[in-house]
Amino acid sequence: MTNTNSKPLAIVPLLEMDQAKLVHIYSAKLSQLTKKHRLVFDLLSHGMLVKDIAKHLGLAEITVKVVKARVMVILGATTLQELAVIGKCSQCAYIKPHL
């Protein structure tokens, strides 16, 4: 189901939040991610496919799928679109490792 702007309903609240509120909510959650979680999160939030992430990091696809699922639970995201919105939080970038 979509709204009149044709964005999935799940991400509309995230898109409507101001930057400060996003930082407040997700900084603590992002700090709970391990290094592997952060790498997978960063690549997923930039649109990379699971199989490409696995190849890039030298991991099995199933490992990346398990890490992806864990990241989504930690961040409370239900869709990849939500992960992308969280990943675009520019002030949260200091938490992300440089690739």
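Residues numbered from 1 in each chain as written. Predicted model: local features only at pLDDT ≥ 70, side-chain atom pairs only at ≥ 80, totals over all residues. Heavy atoms only, no water.

(A) Representation of the overall build of the chain in the model. For the chain, the count of helices and strands is six helices and zero strands. Secondary structure of the chain in N-to-C order comes out as α-α-α-α-α-α. The buried share of the chain, taken over its 99 residues, is 36%. Considering only contacts in the chain between residues 6 or more positions apart, those separated by 24 or more positions represent 60%. (Helix = DSSP H or I, 4+ residues; strand = E, 2+ residues; numbered from the N terminus. Buried < 20%, exposed > 50% of the residue type's maximum accessible area, 1.4 Å probe, protein only. Contact = heavy atoms within 4.5 Å.)

(B) Representation of the packing of helix H4 (residues 50-57) against helix H5 (residues 61-75) in the model. Packing of H4 against H5 leaves a shortest axis separation of 8 Å and a crossing angle of 110 degrees. The pairing of H4 with H5 is recorded here as roughly perpendicular in orientation. The two elements H4 and H5 meet at a crossing, and its hand is right-handed. Contact with H4, carried on its side by Val 50, Lys 51, Ile 53 and Ala 54, involves Glu 61, Val 64, Lys 65 and Lys 68 of H5 and no other residues of that element. (Axes fitted to C-alpha atoms, helices over the stretch in contact; angles between N-to-C directions. Parallel < 35°, antiparallel > 145°, perpendicular 65-115°, else oblique. Left-handed = near helix turned anticlockwise from the far one by under 90°.)

(C) Structural context of the nonpolar core. The biggest cluster of nonpolar side chains holds 19 residues, and the ones touching the most others in it are Phe 41, Val 71, Leu 75 and Leu 83. Secondary structure elements with two or more residues in this core: helix H2 (19-31), helix H3 (35-45), H4, H5 and helix H6 (80-87). When residues of this core are assigned to their parent elements, the largest contribution, six residues, is made by H5. (Core = buried A, V, L, I, M, F, W, Y, C linked by side-chain atoms within 4.5 Å.)

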